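# Report on the structure
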Amino acid sequence: MPRFWLLKCEPDVYSIRDLERDGRTGWDSVRNYQVRNFMRDEMQAGDLGVFYHSNADPSGAAGVLRIVRPALPDPTQFDPKSEYHDPKSTREAPTWLMCEVEFVERFPEVVPLERLRVEPALAGMLILRKGNRLSVTPLEETEFEAIRALGAGRGKPASAKSSVESAGKSAGKSPVKSSAAPVPAGARRKSR
DNA sequence: GCCAACGTTGGC
DNA sequence: GCCAACGTTGGC
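Described in the following lines is the structure provided in the data block.

Reading the values: rules and limits
Residues numbered from 1 in each chain as written. Chains lettered and ligands numbered in written order. Predicted model: local features only at pLDDT ≥ 70, side-chain atom pairs only at ≥ 80, totals over all residues. Heavy atoms only, no water. Near = heavy atom within 4 Å. Polar contact = N/O pair within 3.5 Å; in protein donor to acceptor, adjacent residues only side chain to side chain. Nonpolar A, V, L, I, M, F, W, Y, C, P; charged D, E, K, R; others polar. Helix = DSSP H or I, 4+ residues; strand = E, 2+ residues; numbered from the N terminus. Buried < 20%, exposed > 50% of the residue type's maximum accessible area, 1.4 Å probe, protein only. Pairing = 2+ DSSP bridges.

Every residue near DNA strand B is listed here: Tyr33, Lys130, Gly131 and Arg133. If you look at DNA strand B and keep only atoms within 4 Å of the protein, 67% of those are sugar or phosphate atoms. Between DNA strand B and Arg133 there is a distance of 2.3 Å, counted from a base oxygen to a side-chain nitrogen or oxygen. Split into classes, the residues belonging to the surface near DNA strand B amount to one nonpolar, one polar and two charged.

Below you can see the structure in the form of structure tokens.
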């Protein structure tokens with residue numbers, strides 16, 4: 001059973017269109033212990049994630065990605081020239097991890113935060129909680145499916161009661177562009 | 001650009 | 001191990 005995640009990134013830094021173009025990328029530069037532990041302990045290959053654009057116009061859910069490999073050493077920590085260099089980290093025991101992700105789909109339009117907020121199925125979602133700053137958060141399957149439905153334009157109006165039932169299984173037939181592109185080496189800010 | 005909320009740091 | 005100061009995030 002796959003798990004579900006929400007991954008935030010500023011689209012000025014790396015957007016869903018960049019991922020669509022690249023096919024795969026290393027979700028690097030995360031410098032938060034809680035997020036690192038998610039990647040180390042809970043994330044699994046095959047998990048699905050919502051790609052969320054933060055600090056954007058509009059901010060919101062932009063598409064879907066899949067976790068290819070969950071807990072790789074983040075190379076930026078070893079790069080003295082990187083903004084994310086961590087001199088205390090060693091290759092034997094890397095402090096920081098990243099995951100490799102692949103493109104699954106881009107929503108025709110970003111589902112704005114404003115829309116997510118009024119969706120009953122998303123009432124408990126971590127990212128909507130005030131003050132939450134984690135760049136990677138777990139999602140319930142119902143939350144993931146609700147966001148995916150909104151992204152596909154299949155969301156019920158915000159006023160509708162119970163929008164969960166309609167969010168059926170749609171996994172498994174994703175238009176994955178199976179690019180064999182390696183993980184880009186460039187140090188990119190995937191938020192912390 | 002403001003500012004609330006949070007994580008991290010460092011003095012003690 | 002407490003906690004104030006500081007830096008950062010991210011919506012608005």
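With that settled, consider the side chain of Ser29. Residue position: Ser29 is located in the loop between β2 (24–27) and α2 (33–42). Looking at Ser29, the relative accessible area reads 0%, which means it is buried. Polar side-chain contacts of Ser29 include one of 3.0 Å to the side chain of Asp28.

The sheet contact formed by β2 and strand β5 (residues 97–112) spans four bridges and is antiparallel. Directly across from Arg24, in β5, lies its bridge partner Glu102. Here strand β4 (residues 60–73) runs beside β5; their pairing, made up of 10 bridges, is antiparallel. When the sheet's bridge partners are listed, Arg66 is paired in β5 with Glu102.

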